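# What the coordinates show
Listed here are the chains, written in short residue letters.
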Amino acid sequence: MPYDARLLSGVTVLMAVVEAGSMARASEALGLTSSGVGRAIGRLETRVGVRLLERTTRTMTLTDEGRRFYEEVGPHLDGIEQAAITASGAAGIVRGRLRVNVDPFFSRVVLAEQISKFLDRHPEVRLELIMRDHVGDLVADGFDLALRFGDPPGGSLIARKLIETRILTVASPEFVARYGRPKHPSEVEKLRCIDFYDAANARPFDWEFRQGREILPVRPPARLMVSDVDAMLSACEAGVGIAQIMALGSGHLLAEGKLIELFPDWPGEVFPLYALYPSRQLRAAKVRTFIEFTSDLLVNSTSV
């Protein structure tokens, strides 16, 4: 397949469509009509001999071949962009749209009050924080980056651990006064508990306690399961049951006496927060800069 300018043009349109999330938004960014974008994608598919996008009136997703093509071509386009930036003397400038798939709880307790600092430092960045309860397909959904709690999914994503936050087992003072304070984690199985829904695996998170090398799994009789951290905290404060929560963002509830940590001598269970991004984004300055900004916020956090 000899090189021609139309091939590069088609690749550029494909990248714009994937990163914009739709042909309509890509057409606005490129200054083309939606039909023009569609024709460019069609010509590219004809040129490479495979279907790259599955298109309906409402959705657009990459085919398996399209995803591989996107991931392989991306670094080369990044290299062209980086060469142009270097030639212009602006290699250190962070610019462009940055679309981040972010855990809703993390966004609320860490990012929300601090994000203006990032925007002030980088005036040429347009930041999109999209709250999701799962990672999904970052490439197909047009994300540059994800910030997610829990072990990273398998596949080709690059994963960088930003922090590990302790898991605390807590109850309200009213609950403890009514039912008594358990002396050992095994006693949790006899008390009311609140489960938290693990969207990635479509089931409640497992309960376990760690003390040194000892790991104690527990199956509590939970009559309530929630998928929202705020709902779990509110229910726990109201005395509905015992809950397991992250230390990150919860320190004030313990300090104010609204919740009691039941087993401080079992401190070993932790929950990681990862930055995840497609391999092609390894050199993107905007991605690196946002990860470093987030990491600095966590280092300065008082409740981890």
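Residues numbered from 1 in each chain as written. Predicted model: local features only at pLDDT ≥ 70, side-chain atom pairs only at ≥ 80, totals over all residues. Heavy atoms only, no water.

Another aspect to go through is the overall build of the protein. Secondary structure summary: the protein contains ten helices and 14 strands in total. Across its three principal directions, the C-alpha atoms of the protein cover 75 × 40 × 35 Å. For the protein, buried positions account for 45% of its 304 residues. Sequence separation of at least 24 residues holds for 76% of the intrachain contacts in the protein that already meet a minimum separation of 6. If you average the places of the 37 positive and of the 39 negative side-chain charges in the protein, the two averages end up 3 Å apart. (Helix = DSSP H or I, 4+ residues; strand = E, 2+ residues; numbered from the N terminus. Buried < 20%, exposed > 50% of the residue type's maximum accessible area, 1.4 Å probe, protein only. Contact = heavy atoms within 4.5 Å. Lys, Arg positive; Asp, Glu negative; His and termini not counted. Charge placed at Lys NZ, Arg CZ, Asp CG, Glu CD.)

Turning next to the pairing of strand S12 (residues 243-246). Each regular strand shows side chains that alternate between the opposite faces of the sheet. Residue alternation in S12 divides its side chains into two sets, Ala-243 and Ile-245 and Gln-244 and Met-246, and both sets are buried. Both strand S6 (residues 158-171) and S12 contribute to a ladder of four bridges, which runs antiparallel. Each residue of the ladder has a partner; that of Ile-167, found in S12, is Met-246. (Pairing = 2+ DSSP bridges.)

Further remarks concern the pattern of salt bridges. Under the defined criterion, the tally for this structure stands at 16 salt bridges. Of the charged contacts, one joins Arg-51 and Glu-54 as a salt bridge, the two residues approaching to 3.6 Å between their closest N and O atoms. Under the relative-accessibility criterion, Glu-54 is labelled partly exposed at 40%. Taking the shortest distance from any N to any O, the salt bridge between Arg-210 and Glu-208 comes out at 2.7 Å. (Salt bridge = Lys/Arg side-chain N within 4 Å of Asp/Glu carboxyl O.)

Our focus in this paragraph is the packing of helix H1 (residues 5-20) against helix H3 (residues 34-48). The interhelical angle for the contact between H1 and H3, taken along N-to-C directions, is 120°, at an axis separation of 9 Å. Between H1 and H3, the interaxial angle falls into the category oblique. For the pair H1 and H3, the crossing hand works out as left-handed. Together, Leu-7, Gly-10, Val-11, Val-13, Leu-14 and Val-17 of H1 and Val-37, Ala-40, Ile-41, Leu-44 and Arg-47 of H3 make up the contact between the two elements. The residue makeup of the contact of H1 with H3, split by class, is nine nonpolar, one polar and one charged. (Axes fitted to C-alpha atoms, helices over the stretch in contact; angles between N-to-C directions. Parallel < 35°, antiparallel > 145°, perpendicular 65-115°, else oblique. Left-handed = near helix turned anticlockwise from the far one by under 90°. Nonpolar A, V, L, I, M, F, W, Y, C, P; charged D, E, K, R; others polar.)

Summarising the element assignment, Ser-295 is placed in helix H10 (residues 285-299). Here Ser-295 falls in the buried class, since its relative accessible area comes to 13%.

Once that is clear, we can look at helix H5 (residues 104-111). Within the sequence span of H5, burial applies to Phe-105, Phe-106, Ser-107, Val-110 and Leu-111. Two to three positions downstream of the cap, the backbone nitrogen of Phe-105 sits 3.0 Å from a side-chain oxygen, assigning the N-cap of H5 to Asp-103. (Polar contact = N/O pair within 3.5 Å; in protein donor to acceptor, adjacent residues only side chain to side chain.)

Looking now at the sheet that holds strand S11 (residues 224-226). Pairing in this open sheet of three strands is mixed, and the strands run S8-S7-S11 from one edge to the other. Taken across any chain shown, the strands that pair with only one partner, and hence form the sheet edges, are strand S8 (203-204) and S11. As paired elements, strand S7 (residues 194-198) and S11 share three bridges and run parallel to each other. By the bridge assignment for S11, Asp-195 is matched with Met-225. Packed on one face of the sheet, helix H8 (residues 229-237) meets S7 and S11 and runs near 175° to S7.

Every buried residue belonging to helix H2 (residues 23-30) is among Met-23, Ala-26 and Ser-27, and all of these are buried. Here the buried residues of H2 occupy an arc of 105° about the axis, which is enough to place them on one side. Exposed residues pointing more than 90 degrees away from the buried face of H2 are listed as Glu-28 and Ala-29. Where H2 is buried, its residues touch H1, H3 and strand S1 (53-55). Downstream of H2 by a residue or two, Gly-31 has a phi angle that is positive, lying close to 75°. (Arc of directions from axis to C-beta.)

All right, on to the environment of Asp-265 then. Tracing the backbone shows Asp-265 in the loop between strand S13 (260-261) and strand S14 (270-277). Note on Asp-265: relative accessible area 44%, which makes it partly exposed. In sequence terms Asp-265 and Gln-211 are 54 residues apart; their C-alpha atoms lie 7.3 Å from each other.

Our focus in this paragraph is the state of the cysteines. Inspection of the entire model under this criterion finds zero disulfides. Free of any disulfide, Cys-193 has its nearest neighbouring cysteine sulfur in Cys-236, separated by 9.5 Å. Given the relative accessible area of 3%, Cys-193 is considered buried. Judged by relative accessible area, Cys-236 falls into the buried class, the value being 0%. (Disulfide = S-S within 2.5 Å.)

Phe-106, Leu-147 and Phe-290 are the most contacted members of the largest nonpolar core, which has 46 residues in total. Ranked by residue count, the leading element in this core is H10, at seven residues. In this structure Leu-147 touches Val-100, Asn-101, Val-102, Asp-103, Phe-106, Leu-111, Leu-162, Leu-273, Tyr-274, Ala-275, Phe-290 and Thr-294, once residues within four positions along its chain are discounted. Judged by nonpolar contacts, the second largest core, of 24 residues, contains Val-13, Leu-14, Met-15 and Leu-44. (Core = buried A, V, L, I, M, F, W, Y, C linked by side-chain atoms within 4.5 Å.)

Keep in mind these numbers describe shape, not what the thing actually does.
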